[in-house]
Amino acid sequence: MSPDEYCQQKAAQSGSSFYYSFLFLPQPRRQAITALYAFCREVDDVVDESSDDMVARSKLSWWRQEIQAMLTGQPTHPVTKALLPHMSTYQLEGSHLTAIIDGMEMDLNQTRYLDFPALQKYCWHVAGVVGILSASIFGITNPQTRVFAEKLGLAFQMTNIIRDVGEDARKGRIYLPVNELQQFSVTAADILNARHSPQFETMMQFQYERAQKLYDEAFALLPPEDRKAQRTGLIMAAIYRTLLVEIQRDGFHVLNQRISLTPIRKLWLAWKTYVRG
């Protein structure tokens, strides 16, 4: 199996909404974004699939070394071998890749965030940076497009956090800010024990409205001259924003289930957004 085939398999197996947006890219950019996505999956899986924090830290340390090896032209992993040719082509920064690893390590260091600014720092590492790298692969002529991509990454991550409240709680993590739980009279025990309540719904509506505002703010930042190049990001946004609306329509019943869109619906949204340009 070639490095590109390895990354393609990693992306396809995930069933992610992002995979559907990659389908409309020309081959070189599709290979680059698939390699980046595979890297994100690899380091994310280190934390999610390891029951021993020391083992996870050791693996993340290995990935840091592997990024440095790639930057000197000596990658050993299929993902870094696939990424290497695209680093200079799309002006991707190694520091951004290590920032993603830093974000994964944050999951080993803390399971709560006091307020939204603290959560935003985490989101920058695991999503904002990914947005910037992705936008670089899609094509940038105006530097403001990076600001758009960073904000869109935050919107995606907040959508993930809303969708995965129950799933994350079962791993002992609550990303919703502590001061906002207090504001809406929702306790950590309520979430950890999957107690759905009117207070929980009100708090989740607050999170929903924030996420929708982030999407609006991101779209307002996209320069017209880069809109066509960034269609893949807009496809991702169409899928994720539709998912967000479905979660709200379902009454935010996310503590005991993971709400998702069908593959056919994702593909339809991707095609519709692509055609609109």
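Conventions adopted
Residues numbered from 1 in each chain as written. Predicted model: local features only at pLDDT ≥ 70, side-chain atom pairs only at ≥ 80, totals over all residues. Heavy atoms only, no water. Helix = DSSP H or I, 4+ residues; strand = E, 2+ residues; numbered from the N terminus. Rg over C-alpha atoms; globule rule 2.2 N^0.38 Å. Buried < 20%, exposed > 50% of the residue type's maximum accessible area, 1.4 Å probe, protein only. Contact = heavy atoms within 4.5 Å. Areas by Shrake-Rupley, 256 points an atom, 1.4 Å probe, with all protein chains shown as cover. Lys, Arg positive; Asp, Glu negative; His and termini not counted. Charge placed at Lys NZ, Arg CZ, Asp CG, Glu CD. Core = buried A, V, L, I, M, F, W, Y, C linked by side-chain atoms within 4.5 Å. 1 Å grid on protein atoms, 1.4 Å probe; cavity = no way out; pocket = protein on both sides within 12 Å on 5 of 7 lines; lining within 4 Å. Points joined across faces, edges and corners; volume = space filled by probe spheres on them. Phe/Tyr/Trp six-rings, centres within 6.5 Å; stacked < 30°, edge-to-face > 60°. Expected span 1.5 Å × (residues − 1). Axes fitted to C-alpha atoms, helices over the stretch in contact; angles between N-to-C directions. Parallel < 35°, antiparallel > 145°, perpendicular 65-115°, else oblique. Left-handed = near helix turned anticlockwise from the far one by under 90°. Nonpolar A, V, L, I, M, F, W, Y, C, P; charged D, E, K, R; others polar. Salt bridge = Lys/Arg side-chain N within 4 Å of Asp/Glu carboxyl O.

Peer 1: Any chance you could explain the overall build of the protein here in plain terms?
Peer 2: The secondary structure content of the protein amounts to 14 helices and 0 strands. For the protein, the N- to C-terminal ordering of α and β elements is α-α-α-α-α-α-α-α-α-α-α-α-α-α. Relative to the 2.2 N^0.38 estimate, which gives 19 Å for 277 residues, the radius of gyration of the protein is 18 Å and therefore close to what a compact globule would have. Taken over the C-alpha atoms alone, the protein extends approximately 55 × 50 × 35 Å along its principal axes. Considering the protein as a whole, with its 277 residues, one finds that 53% of them fall into the buried category. A separation of at least 24 residues holds for 73% of the contacts in the protein among residues at least 6 apart in sequence. Working note: accessible area of the protein is about 12500 Å², and carbon and sulfur atoms make up 51% of it. With 29 positive and 29 negative side-chain charges, the protein shows a separation of 5 Å between the mean positions of the two kinds.

Peer 1: Is there a simple way to think about the side chain of His125 in this case?
Peer 2: As for its placement among the helices and strands, His125 is situated in helix H7 (residues 116-138). Exposure remark for His125: the relative accessible area of 12% places this residue in the buried category. Not counting residues within four places of it along the chain, the set of residues in contact with His125 comprises Ala99, Ile100, Asp102, Gly103 and Met106.

Peer 1: Would you mind showing me how to read the nonpolar core here?
Peer 2: Within soluble globular proteins, side chains that are nonpolar tend to cluster in buried spots. Counting residues in each nonpolar core, the largest one holds 91 residues, and the members touching the most others are Phe39, Ile191 and Phe200. Of the residues forming this core, the biggest block, 12 residues, is contributed by H7. Once residues within four sequence positions are removed from consideration, Ile191 is found in contact with Val165, Ala169, Ile174, Leu176, Leu181, Val186, Phe200 and Leu255.

Peer 1: Which parts of the structure should I look at to understand empty space enclosed by the protein?
Peer 2: Leftover empty space is mapped by rolling, across the atoms, a probe with the size of a water molecule. The tally for this structure, following the rule as stated, stands at 1 cavity of 30 Å³ or more. Its boundaries defined by the atoms lining it, the largest cavity holds a volume of some 40 Å³. Residue lining of the largest cavity: Ile161, Val165, Asp168, Arg173, Ile174, Tyr175, Leu176 and Ile191, and that is the complete set.

Peer 1: In this structure, what is going on with the packing of aromatic side chains? I would like to understand it.
Peer 2: Following the criterion strictly, the structure yields 14 aromatic pairs and no others. Residues Tyr208 and Phe252 carry aromatic rings whose centres are separated by 6.2 Å and whose planes lie at 70 degrees to one another, so their mutual orientation is edge-to-face. Taken as a pair, Tyr208 in helix H12 (residues 198-221) and Phe252 in the loop between helix H13 (231-249) and helix H14 (263-276) lie far apart in primary sequence, 44 residues in all. Judged by its relative accessible area of 4%, Phe252 falls in the buried class. On the numbers, 6.4 Å between centres and 40 degrees between planes, the contact of Tyr215 with Phe219 is tilted. One end of the pair, Tyr215, and the other, Phe219, are both in helix H12, 4 residues apart, so they sit about a helical turn from each other.

Peer 1: How should helix H8 (residues 144-163) be read in this particular structure?
Peer 2: Residue pairs spaced three or four apart in an α-helix point in one direction, given the helix's 3.6 residues per turn. In a regular helix each residue adds 1.5 Å, so 20 residues correspond to 28 Å; H8 covers 29 Å between its end C-alpha atoms and thus fits that length. A large share of H8 lies buried, amounting to 15 of its 20 residues.

Peer 1: It is not clear to me how the environment of Arg227 should be interpreted in this structure. Could you clarify?
Peer 2: Of note, Arg227 is situated in the loop between H12 and H13. With relative accessibility at 41%, the residue Arg227 sits in the partly exposed group. Residues Arg227 and Ile140, 87 residues apart in the sequence, show an inter-C-alpha distance of 9.4 Å.

Peer 1: Got a minute to help me understand helix H6 (residues 94-109) in this structure?
Peer 2: Taking 1.5 Å of rise per residue, the 16 residues of H6 would be expected to cover 22 Å, and the 23 Å separating its terminal C-alpha atoms lies within 8% of that figure. Among the 16 residues of H6, 13 are classified as buried, and the element is accordingly described as predominantly covered.

Peer 1: So what exactly am I meant to see when it comes to the packing of H7 against H8 here?
Peer 2: Any two packed helices are characterised by the angle at which their axes cross and by the distance between the axes. Put simply, H7 and H8 touch, their axes get as near as 7 Å, and they point 125 degrees apart. Compared by their axis directions, H7 and H8 come out oblique. With respect to the hand of their crossing, H7 and H8 are arranged in right-handed fashion. Of the residues in the contact of H7 with H8, the class split is 13 nonpolar, 6 polar and 2 charged.

Peer 1: Could you clarify how one ought to interpret the pattern of salt bridges in this entry?
Peer 2: Should their charged atoms come close, side chains of opposite charge can pair. Scanning the model with the defined rule gives 20 salt bridges in all. Linking Asp45 and Lys10 is a salt bridge whose minimum nitrogen-to-oxygen distance equals 3.2 Å. Of this pair, Asp45 sits in helix H3 (residues 27-48) while Lys10 sits in helix H1 (residues 3-14), placing them 35 residues apart in sequence. As far as the burial class goes, Asp45 and Lys10 line up, both buried. Notably, a salt bridge pairs Arg210 with Glu180, separated by 2.5 Å at the nearest N-O pair. Placement of Arg210 in helix H12 and of Glu180 in helix H10 (residues 178-183) is noted, with a sequence separation of 30 residues between them.

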